[in-house]
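# Results of the structural survey
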Amino acid sequence: MDSNGTDGAKGNMESKYHYLRLANELERDIRAGRYRAGEKLPSLRSLRARTGRSLTTVYQAYTELENRGVVDVRDKSGFYARPQIDRILPLPLSGRQVIKPHRVAINALSAMIQNSMIRPQMLPFGAAVPAPGLLPLKQLAEEVRDAAAGYARGNIIGYGHPLGLAELRTEIGKRAVGFFQPESGEEIVITNGCMAAIDVCLRSVARAGDIILIESPTFLCYLQLIEDLNMRALEIPVHPESGLDMDLLEKALEEHDVRAALFNANFHNPLGCLMDDSGKRRLVEMMAARRIPIIEDDIYGDLYFGETRPLPLKAFDRDGLVLYCSSFTKSLAPDFRLGWTMPGRFREKVKRLRFNAAIAVPQLGQLALARFLAGGGYDRHLRRMRNALKKQVSDLALAVARHFPPGTRISAPRGGMCLWVELDDRLDALQLFDRALEENISILPGALCSTTDRYNHCIRLNCGYPLSDEGERGIAVVGRLIGELLGG
Ligand SMILES: Cc1ncc(COP(=O)(O)O)c(C=O)c1O
């Protein structure tokens, strides 16, 4: 592989295939418990003899596993299995009750917290953002420069197409093939990020006073939006491994007149969990039987830690009732503010509302992204970014286990960049937030992830940055503050 992670020549595809296959086999063995945490893995030579692969392939497979945070390398000693994310600490406890529909009043608290989180020099465990070092910024800058030449050539004029740049919609459409069954004539609508897509979708299917189903805990921007639109939130507990509690969902649907749902089934923010395909199918069918639209947020879908990209809910949609939303914010270019929606049978209303709200999305970024996608740069970048995030999540989880008091529980993210931490239920995480801020450390208090106080003892940590020595010290400080607040 060259320094860009690309295949220098066609012949390299073979060896790449072999090392990835070997890495995946070894990782499956570790997951199956064939190697325990801390146990030494076969040496390069013995693995070569056992598999018949070349020494280079075996070495590349181990390097891949090291990049994923699945093995540790000890100098002159070899490769050792790392603890698996779901075995580091116990999982958080999941809620057992549906909470009755609530008006939301989170904006004031959220504004206060968000303002303090953006201070410079802050250790960035608060907002879910990727480190700039994980992003292909140089290549993007080149694409922007080349795209900007379009101004001089007169290619970028006026507002552009009302749905967004055709080249970008084509590239997004290509990536959706295989997992979407779009409604006939369904179009991709480009938006200013994922939340802008969710905003128009929610306004297309519901109005003030309506009950909106959401996961519990949930992403705070959903709560803010529901508050702004004067709707009511109905929270359904999410299991940290399997996602939405389907039995409680069924009960809620029997008891309440639900207008729409807003779900994040792939690498849920804040838990990082993933619903399996049978759960997704059941969910989509259950909602379709009641003609309730689902707004699906798939922003983390490309950032999976397993072997394949999970299907979105939209893949199971036969009725055009899933309004799919996503963006490049987490996976490629936070500042481009480029997202999109495929709104199924609600397309005409979504198109109108999006046009009325924003008229158009700047074309320069769209053109640059379309070029980057078309050149294969996104897929190469994602391969590296997924490994990096998987390792960062594991590193941060291990640091939490080292520094937080006994009794701490953490989620076991299967993708994305959020780690959910459940602490002693006497802890007030808003106080912890204030104390951490004084130490220049940002964290997200769980109070922002619900309309209730049930997560007041929880925090969400961003794993988007590699864990530096300073980061490790920061986690140690947070651990100490937790102990102090608990009177330890
Ligand atoms: C689940 C989820 N959806 C949407 C967003 C926001 O996306 P965008 O910045 O593209 O609007 C975030 C950002 O944290 C998120 O975590």
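Each remark here, short or long, concerns the structure printed above.
Conventions we followed
- Residues numbered from 1 in each chain as written.
- Predicted model: local features only at pLDDT ≥ 70, side-chain atom pairs only at ≥ 80, totals over all residues.
- Heavy atoms only, no water.
- Near = heavy atom within 4 Å.
- Polar contact = N/O pair within 3.5 Å; in protein donor to acceptor, adjacent residues only side chain to side chain.
- Areas by Shrake-Rupley, 256 points an atom, 1.4 Å probe, with all protein chains shown as cover.
- 1 Å grid on protein atoms, 1.4 Å probe; cavity = no way out; pocket = protein on both sides within 12 Å on 5 of 7 lines; lining within 4 Å.
- Sits in = over half its atoms within 2 Å of the grid points.
- Phe/Tyr/Trp six-rings, centres within 6.5 Å; stacked < 30°, edge-to-face > 60°.
- Helix = DSSP H or I, 4+ residues; strand = E, 2+ residues; numbered from the N terminus.
- Buried < 20%, exposed > 50% of the residue type's maximum accessible area, 1.4 Å probe, protein only.
- Lys NZ or Arg CZ within 6 Å of the ring centre and 35° of its normal.
- Points joined across faces, edges and corners; volume = space filled by probe spheres on them.
- Nonpolar A, V, L, I, M, F, W, Y, C, P; charged D, E, K, R; others polar.
- Axes fitted to C-alpha atoms, helices over the stretch in contact; angles between N-to-C directions.
- Left-handed = near helix turned anticlockwise from the far one by under 90°.
- Contact = heavy atoms within 4.5 Å.
- Parallel < 35°, antiparallel > 145°, perpendicular 65-115°, else oblique.
- Pairing = 2+ DSSP bridges.
- Core = buried A, V, L, I, M, F, W, Y, C linked by side-chain atoms within 4.5 Å.
- Domains from an automatic or database assignment.
- Salt bridge = Lys/Arg side-chain N within 4 Å of Asp/Glu carboxyl O.

### Focus on the site of the ligand
Around the ligand, 14 residues are found, and the nearest of them are Cys-194, Asp-297, Tyr-300, Thr-329 and Lys-330. Between Tyr-300 and the ligand, the recorded distance is 2.7 Å, taken from a side-chain N or O atom to an oxygen atom. Thr-329 has a polar side-chain atom sitting 2.5 Å from an oxygen atom of the ligand. Here the ligand, which alone exposes 400 Å², has 92% of that area covered by the protein. For the ligand, the cavity whose grid points lie within 2 Å of the majority of its atoms is the second largest pocket.

### Some thoughts on the packing of aromatic side chains
As enumerated under the stated definition, the model contains 5 aromatic pairs in all. Measuring from centroid to centroid gives 4.0 Å for Tyr-62 and Phe-79, while their planes differ by 5°, and the two rings are stacked. In this pair, Tyr-62 is assigned in helix 3 (residues 55–67) and Phe-79 in strand 2 (residues 78–81), connecting sequence segments 17 residues apart. The exposure class of Tyr-62 is buried, given its relative accessible area of 0%. Ring pairing ties together the aromatic residues Phe-328, Trp-340 and Tyr-378, which thus form one cluster. Of note, Arg-74 hangs over the ring of Tyr-80, and the distance from its end group to the ring centre comes to 3.7 Å.

### Examining the layout of surface pockets
Taken as a whole, the second largest pocket encloses approximately 690 Å³ of empty space. Along its surface, the second largest pocket is lined by 31 residues, and Ala-127, Ala-128, Val-129, Phe-219 and Lys-330 are the ones closest to its centre. Of all elements in the fold, only helix 5 (107–117), helix 8 (194–205) and helix 9 (220–228) reach the threshold of two or more residues within the lining of the second largest pocket. Of the residues in the lining of the second largest pocket, the class split is 19 nonpolar, 7 polar and 5 charged.

### A look at the packing of helix 2 (residues 44–51) against helix 3
Their axes nearest at 9 Å, the elements helix 2 and helix 3 cross at an angle of 115°. Relative to helix 3, helix 2 is oriented so that their crossing is right-handed. Counting all contacts with helix 2, which are made through Leu-44, Arg-45, Leu-47, Arg-48 and Thr-51, the residues of helix 3 involved are Leu-55, Val-58, Tyr-59 and Tyr-62.

### Quick notes on the packing of helix 8 against helix 12 (residues 347–358)
Working note: a packed helix pair is described by the angle between its axes plus the distance between those axes. Two elements in contact, helix 8 and helix 12, have axes whose closest approach is 9 Å; the angle formed by their N-to-C orientations is 125°. Our classification of the angle between helix 8 and helix 12 gives oblique. As helix 8 runs across helix 12, the sense of the crossing is right-handed. Contacts from Val-200, Cys-201, Arg-203 and Ser-204 in helix 8 reach Lys-349, Val-350, Leu-353, Arg-354 and Ala-357 in helix 12. Residue composition of the contact of helix 8 with helix 12, by class: 5 nonpolar, 1 polar and 3 charged.

### Description of the pairing of strand 12 (residues 339–342)
Burial along strand 12 is two-sided: Gly-339 and Thr-341 facing one way and Trp-340 and Met-342 facing the other are all buried. Bridge count between strand 5 (residues 189–191) and strand 12: 3 bridges; the pairing is antiparallel. Paired with Ile-190 across the bridge in strand 12 is Trp-340. Judged from the 4 bridges that link them, strand 11 (residues 322–327) and strand 12 form a sheet pairing that is antiparallel. Directly across from Ser-326, in strand 12, lies its bridge partner Trp-340.

### Here's the deal with the nonpolar core
In terms of nonpolar packing, the biggest core is built from 146 residues, with Leu-168, Leu-213, Leu-249, Phe-263, Leu-283, Phe-328 and Leu-461 touching the most fellow members. Ranked by residue count, the leading element in this core is helix 14 (residues 377–403), at 11 residues. Residue contributions to this core reach at least three from each of two domains, namely domain 2 (87–94 + 112–133 + 382–485) and domain 3 (136–377). Once you skip the residues sitting within four places of it in the chain, Leu-213 turns out to touch Leu-234, Ile-236, Leu-249, Leu-253, Val-258, Ala-260, Ala-261, Leu-262, Phe-263 and Met-287. The next biggest cluster of nonpolar side chains, apart from the first, holds 16 residues, and it includes Leu-22, Val-71, Phe-79 and Ala-81.

### Concerning the environment of Ala-128
Note on placement: Ala-128 falls in the loop between strand 4 (123–124) and helix 6 (137–153). Once you skip the residues sitting within four places of it in the chain, Ala-128 turns out to touch Tyr-300, Lys-330, Met-417, Cys-418, Arg-460 and Asn-462.

### A look at empty space enclosed by the protein
Scanning the model with the defined rule gives 3 cavities of 30 Å³ or more in all. Its boundaries defined by the atoms lining it, the largest cavity holds a volume of some 60 Å³. Around the largest cavity sit Pro-92, Leu-93, Ser-94, Gly-95, Ser-216, Pro-217, Val-238, Pro-240, Leu-271, Trp-420, Glu-422 and Tyr-455, which together line it. Along the lines of polarity and charge, the residues of the lining of the largest cavity split into 8 nonpolar, 3 polar and 1 charged. Structurally, the lining of the largest cavity is a two-domain feature, drawing no fewer than three residues from each of domain 2 (87–94 + 112–133 + 382–485) and domain 3 (136–377).

### A closer look at the pairing of strand 1 (residues 71–74)
Summarising the sheet, strand 1 and strand 2 pair through 4 bridges and their orientation is antiparallel. In the sheet register, Val-71 faces strand 2, and the bridge partner there is Ala-81. Taking the residues that link successive antiparallel strands as the turn, the strand 1-strand 2 hairpin has 3 residues, and the phi of Lys-76 there is positive, at about 60°.

### Structural notes on the pattern of salt bridges
Between side chains of opposite charge, a pair can form as their charged atoms come close. On inspection of all chains with the given rule, the structure shows 31 salt bridges. The partner of Arg-282 in a salt bridge is Asp-247, with the nearest N and O atoms 3.6 Å apart. A residue pair is termed long-range when its members are at least 10 positions apart, and Arg-282 in helix 11 (residues 277–289) and Asp-247 in helix 10 (residues 246–255) qualify at 35 residues. Arg-282 sits in the partly exposed class, given a relative accessible area of 35%. Three or more residues joined by partner-sharing salt bridges are found here, namely Arg-175, Asp-298, Asp-302, Arg-309 and Asp-379.

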